[in-house]
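So the chains spell out like this:
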Amino acid sequence: RLSAQDSAHAALYRQNAKDLAVRLDKLDSELKADLAPLAGKPYVVYHDAFQYFEKRYGLTPAGSITLEERNPSAKTIAKLRRKISLVKAACVFKEPQAPARPALTVAEGLNVKIGTLDDLGSEQTAGPGLYAAVLKGLAANLRGCLLVAGLTDK
């Protein structure tokens, strides 16, 4: 569409698209390698924002703490705590832009680690590399918590 509107730069737009495709393929390969050891290792997220990411990389979420950005009820917390125990989830993830209390409440007294997943990139530097940085940050934080929890050999 840009090429049609700005034909003088059409070659540049095509080259940028090709370069982006190469960078995205490389990022995808890196994420697959980084996350492969975590397949089948359950964890809990603050809210269910990671479905596509989890499906793409074969991750196994055990549940989410909030629904539609509402704080969980006591019944929801109890149900989630039972599930954590049942599936032996090792990590409960909070988010930097959300209150930590719900994640801490869910994890309280259980043998789980607390991690952080920054799906909005609020702790990243804005710029052309932001998308890759956010995805790499998610992978690093998942690995950091799940590996520290002793769930893999790597």
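You'll find the structure just up there.
Residues numbered from 1 in each chain as written. Predicted model: local features only at pLDDT ≥ 70, side-chain atom pairs only at ≥ 80, totals over all residues. Heavy atoms only, no water.

## Things to note about the overall build of the protein chain
Along the backbone of the protein chain there are six helices and four strands. Secondary structure elements of the protein chain occur, N-terminal to C-terminal, as α-α-β-α-β-α-β-α-β-α. At 19 Å, the protein chain has a C-alpha radius of gyration far larger than the 15 Å of a compact globule built from 154 residues. Taken across its 154 residues, the protein chain has 32% of its residues classed as buried. Pairs at least 24 residues apart make up 53% of the contacts formed inside the protein chain by residues separated by at least 6 positions. When the accessible surface of the protein chain is summed, it comes to about 9,600 Å², and 54% of that surface belongs to carbon and sulfur atoms. The averaged location of the 16 negative side-chain charges in the protein chain is 6 Å from the averaged location of its 22 positive side-chain charges. (Helix = DSSP H or I, 4+ residues; strand = E, 2+ residues; numbered from the N terminus. Rg over C-alpha atoms; globule rule 2.2 N^0.38 Å. Buried < 20%, exposed > 50% of the residue type's maximum accessible area, 1.4 Å probe, protein only. Contact = heavy atoms within 4.5 Å. Areas by Shrake-Rupley, 256 points an atom, 1.4 Å probe, with all protein chains shown as cover. Lys, Arg positive; Asp, Glu negative; His and termini not counted. Charge placed at Lys NZ, Arg CZ, Asp CG, Glu CD.)

## Structural notes on empty space enclosed by the protein
A water-sized probe rolled over the atoms picks out the places where empty space is left. A complete count under the given rule lists one cavity of 30 Å³ or more for this structure. By volume, the largest cavity amounts to about 40 Å³. Around the largest cavity, the lining residues are Tyr43, Phe50, Phe53, Glu54, Leu59, Leu117, Leu138 and Leu142. For the lining of the largest cavity, the secondary-structure elements that each account for two or more residues are helix H3 (51-56) and helix H6 (130-148). Split into classes, the residues belonging to the lining of the largest cavity amount to seven nonpolar, no polar and one charged. (1 Å grid on protein atoms, 1.4 Å probe; cavity = no way out; pocket = protein on both sides within 12 Å on 5 of 7 lines; lining within 4 Å. Points joined across faces, edges and corners; volume = space filled by probe spheres on them. Nonpolar A, V, L, I, M, F, W, Y, C, P; charged D, E, K, R; others polar.)

## Some thoughts on unusual backbone geometry
With phi around 60°, Lys88 is a residue other than glycine that occupies positive phi space. By the element assignment, Lys88 lies in the loop between helix H4 (74-87) and strand S3 (91-94).

## Side note on the pattern of salt bridges
On inspection of all chains with the given rule, the structure shows five salt bridges. For the salt bridge of Glu30 with Lys26, the shortest nitrogen-to-oxygen distance reads 3.5 Å. One end of the pair, Glu30, and the other, Lys26, are both in helix H2 (residues 10-35), four residues apart, so they sit about a helical turn from each other. The partly exposed category is assigned to Glu30, whose relative accessible area is 28%. Classification of Lys26 as exposed rests on a relative accessible area of 55%. In this structure, Arg101 and Glu108 form a salt bridge, with 3.9 Å as the shortest nitrogen-oxygen distance. Taken together, the shared-partner salt bridges connect Lys26, Glu30 and Lys136 into one network. (Salt bridge = Lys/Arg side-chain N within 4 Å of Asp/Glu carboxyl O.)

## Thoughts on the side chain of Glu54
For Glu54, the position within the fold is in helix H3. It is Lys55 that comes nearest to the buried, bridge-free Glu54 among opposite-charge side chains, at 11 Å. Beyond its immediate sequence surroundings of up to four residues, Glu54 is in contact with Tyr43, Val45, Asp48, Leu59 and Pro61.

## Description of the nonpolar core
One finds Leu31, Leu35, Tyr43, Phe53, Leu59 and Leu142 to be the most contacted residues of the largest nonpolar core, which totals 20 residues. Sorting the residues of this core by element identifies H2, strand S1 (42-47), S3 and H6 as the ones contributing at least two each. Ranked by residue count, the leading element in this core is H6, at six residues. If you look at the next biggest cluster of nonpolar residues, it comprises 12 residues, including Ile65, Ile84, Ala89 and Val92. (Core = buried A, V, L, I, M, F, W, Y, C linked by side-chain atoms within 4.5 Å.)

## Here's the deal with the state of the cysteines
Throughout the structure, instances matching the rule amount to one disulfide. A disulfide bridge connects Cys91 with Cys145, and the sulfur atoms are separated by 2.2 Å. Disulfide Cys91 to Cys145: torsion about the S-S bond roughly -115°, handedness left-handed. Of this pair, Cys91 sits in strand S3 while Cys145 sits in helix H6, and the two are 54 residues apart along the sequence. Classification of Cys91 as buried rests on a relative accessible area of 1%. (Disulfide = S-S within 2.5 Å.)

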